[in-house]
Amino acid sequence: MMEGLVMQKFFCGVYKKRRVLITGHTGFKGSWLALWLSQMGAEILGYALEPNTTPNHFSMLDMSIESVIGDIRDGKNLSDVFKKFQPEIVFHLAAQPLVLQSYNDPVETFQINVMGTVNLFEACRQTSSVKAVINITSDKCYENKEWVWGYREKDVIGGYDPYSASKGCSELVTSAYRKSFFNLDEYGREHNILVASVRAGNVIGGGDWAKYRIITDLMEAVSQGGKLIIRNPMSTRPWQHVLSPLSGYLLLGQKLLEGKKEFAEAWNFGSSDDGVIPVLQMVQEMQKSWDKIDYQIDQNKNNPHEAGLLKLDCSKARIKLNWKGAWDSSTSFTKTAEWYRNYYENQQVITENQLKEYVADAGKAGLNWVG
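Structural notes, computed from the coordinates. (Residues numbered from 1 in each chain as written. Predicted model: local features only at pLDDT ≥ 70, side-chain atom pairs only at ≥ 80, totals over all residues. Heavy atoms only, no water.)

**Here's the deal with the packing of helix H4 (residues 75-85) against helix H6 (residues 106-125)**
Inference 1: Where H4 meets H6, the closest approach of the two axes is 9 Å, and the angle between their N-to-C directions is 35 degrees. Where H4 crosses over H6, the handedness of that crossing is right-handed. Contacts between H4 and H6 involve Gly75, Leu78, Ser79 and Phe82 on the former and, on the latter, Asn119, Leu120, Ala123 and Cys124.
Inference 2: Counted by class, the contact of H4 with H6 contains five nonpolar, three polar and no charged residues. (Axes fitted to C-alpha atoms, helices over the stretch in contact; angles between N-to-C directions. Helix = DSSP H or I, 4+ residues; strand = E, 2+ residues; numbered from the N terminus. Left-handed = near helix turned anticlockwise from the far one by under 90°. Contact = heavy atoms within 4.5 Å. Nonpolar A, V, L, I, M, F, W, Y, C, P; charged D, E, K, R; others polar.)

**Describing the layout of surface pockets**
Inference 1: Put simply, the second largest pocket is a space of about 310 Å³.
Inference 2: If you trace the second largest pocket, you find 17 residues lining it, with Glu153, Ser175, Arg178, Arg199 and Ala266 closest to the centre.
Inference 3: Considered class by class, the residues forming the lining of the second largest pocket number five nonpolar, three polar and nine charged. (1 Å grid on protein atoms, 1.4 Å probe; cavity = no way out; pocket = protein on both sides within 12 Å on 5 of 7 lines; lining within 4 Å. Points joined across faces, edges and corners; volume = space filled by probe spheres on them.)

**A closer look at empty space enclosed by the protein**
Inference 1: Applying the stated rule across the entire model yields one cavity of 30 Å³ or more.
Inference 2: Each pocket or cavity is described by its volume, and for the largest cavity that value is around 40 Å³.
Inference 3: Lining the largest cavity are His92, Leu93, Ala94, Ala95, Asn113, Thr117, Asn135, Ile136, Lys167 and Ser170.
Inference 4: Listed by contribution, the elements that provide at least two residues to the lining of the largest cavity are H6, strand S5 (132-136) and helix H7 (162-180).
Inference 5: The residue makeup of the lining of the largest cavity, split by class, is four nonpolar, five polar and one charged.

Spelled out as structure tokens, the structure:
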């Protein structure tokens, strides 16, 4: 009980008894976010499709939250849910999140990631209770020039593959709605909604079993006593534990709920430079925490295109929000391997324990949202 009371004080206690709607709550990031918000005393409604993996993290957590199974492409149903629940803040995570799947079904990818975002903002427009909206997109929304420096929030939006392009479109939709319907100059007079978008790097952590993801493939290979096939060993990504960007989303949400309109814009939440490493090095780091991990490299030139180098500049979040992750890359790899090792070897789900460890380490590091 005492731990719950302490948790409710985080982010200045802004989420306690707050009505929060999460789209995509049955997914990997959405389930971690729902757990954290529930621990802080929020009243949560999740809107998403049924979990599409077996096993799945959301079902394991067995949270006491209201869960509506629905498709983000069904605008009427989504609006009806909004009207009934009357959310105060919305975290939009519902998406088709996979690059390779976007090659298999580009139409579905654009329908979900673009028109789903439009439906979300239309539902917000029609619901007077909404005060803040955060659209979670991706670091892949940027036009990737394979720069060695990080992309900043003002850099050009683009996308080579259908997934990346759809996330770029989602950012454009967000900007259009912010300018056309939630204009900052008219905030407090014509409307009361602040809108932000967030872009995170490659997120890892326990409970991710989505297809075509490196961690999923790695852990399934381990569980079956096999080797991970690495397609692009030198592809460099900004790896971070899922709780790091989530802390950024929650901190940003706090600012928007407080009516601070200067925060209603786009934000990067990525790893520090120590987390920007190639896929091969990431797997080797994971091996240190679980010696059963093994791999082999298969660089097939016929593999679909994926960006070779992708890095975010998170200076804006670090300076204006005073945000940073509580775990460095080494700790993130360790915690991720520990989660799966406990699941596969001991049939234990240690998500709540790792959340407690994260906030404890954040407190030791003096991060501003803890106090």
